[in-house]
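# Structural features, examined
Next come the chains, spelled out residue by residue.
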Amino acid sequence: MPELAEVETIRLGLAQHLLGARVEGLEGLHPRVNRHRDLPYEWAAGRRIAEVARRGKFLWCTLVADAAGAAGAHQAPPGGPAEPLALLFHLGMSGQLLVDSEIGQFDSVGAHGERVEGGVGAAASDRDKHLRARLVFSDAAGEHLLRFVDQRTFGYVSLCRLAPTPDGQPGGQGTELAALPTRAAGIARDALDPYLDVAQVADAVRSSRTIIKSQLLDQGKVSGIGNIYADEALARAGIHPTRPGNSMSAAEVERLLEAAAQVLRAAIEVGGTSFDALYVDAAGNPGYFARELWAYGRYGQPCRRCGTSLERSVLGGRSATFCPACQV
């Protein structure tokens, strides 16, 4: 599953193409992609993409009325409300967001999945056999296509309203609004968020007997961390994944969160972690952080710190790889 580093890499790529663009149309092509849709996709058309934002693993575009369009300044596109809306993407296990600079090269897909020759849209080809949704947007250079491809169909696209953040601070990376998509309202701030209350997270962790690996995966405490970066943060912080939260000091929790932030920043610098073709950035390129991993996927290999063979356990249905010597 794409984690924070991969979603942030995608966000940065999308921002280069989408900021300031106008939405011409949004279409869901698979019933599962629509399952969390709060508002009609048609309400996205005619709006301008003012922000490309992220909180944890959730990615969204802030859509506002297009002052240059037919709706006029501070007016809604036909059929939609006037307030900003969020076009939210959750990538699930295998979701990809891919930008195509030319949409005329593709054929359309009809209402029943049939290929419509010479149309505008995504090709009914091997490349797009897992196409789930598509967004047509325009800028000064013309019209372009954003494809949502999802082999395992756990991801979704939702058009929803924005709700105020509980702490009154910006909702996440890439947004200045103190607001979150309603679908992401229960998601905590992440390890890279400057407004993360580290002391509050430490108190929450230390008040629970739940093992620290499971607490790192709890998106209601600190978001964006999945199995890969939980193992990596614990390895770099020298903390055993089975430590109960109430056995840890506040300083240890703070050290762990800083280790998580460091590893996430390093992963973003090289485009995230790719083990197969399921994760690529917005241009279709893989990430290269797999070369830098200390723990995840390295069972039986020597610890990069002390040379001890790494061990693996199953904790709460998830694997954990760790060094038995230097993670305590």
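Let me sum up the structure you'll find in this document.

Basis of the calculations
- Residues numbered from 1 in each chain as written.
- Predicted model: local features only at pLDDT ≥ 70, side-chain atom pairs only at ≥ 80, totals over all residues.
- Heavy atoms only, no water.
- Buried < 20%, exposed > 50% of the residue type's maximum accessible area, 1.4 Å probe, protein only.
- Helix = DSSP H or I, 4+ residues; strand = E, 2+ residues; numbered from the N terminus.
- Pairing = 2+ DSSP bridges.
- Core = buried A, V, L, I, M, F, W, Y, C linked by side-chain atoms within 4.5 Å.
- Contact = heavy atoms within 4.5 Å.
- Salt bridge = Lys/Arg side-chain N within 4 Å of Asp/Glu carboxyl O.

### Here we look at the pairing of strand β3 (residues 58-65)
Across the 8 residues that make up β3, a large majority, 8, are buried. Across 8 bridges, strand β2 (residues 47-55) lies against β3 in antiparallel orientation. Note that in β3 the partner of Glu-51 across the bridge is Thr-62. Between β2 and β3, which follow one another and run antiparallel, lie 2 residues, and Gly-56 among them has a positive phi close to 60°.

### Let's talk about the nonpolar core
Core analysis: the biggest nonpolar cluster contains 33 residues, and Ile-212, Tyr-229, Ile-239, Leu-256 and Leu-264 have the highest contact counts within it. Residue assignment for this core shows that the elements contributing at least two residues are α1 (4-18), α2 (198-206), α3 (212-216), α4 (227-237) and α5 (250-269). The dominant element in this core, judged by the number of residues it contributes, is α5, at 10 residues. Those residues in contact with Ile-212, other than ones at most four positions away along the chain, are Val-205, Leu-234, Ile-239, His-240, Pro-241, Arg-243, Met-248 and Leu-256. Core analysis: the second largest hydrophobic core is formed by 32 residues, Val-23, Leu-39, Val-99 and Ala-133 among them.

### Observations regarding the pattern of salt bridges
Summed over all chains, the structure comprises 13 salt bridges. Here Arg-54 makes a salt bridge to Glu-8, at a shortest N to O gap of 2.7 Å. Linking Arg-54 in strand β2 with Glu-8 in helix α1, this pair joins segments that are 46 residues apart in sequence. Residues Arg-243 and Glu-252 are paired through a salt bridge, measuring 2.9 Å at the closest nitrogen-oxygen approach. Classification of Glu-252 as buried rests on a relative accessible area of 17%.

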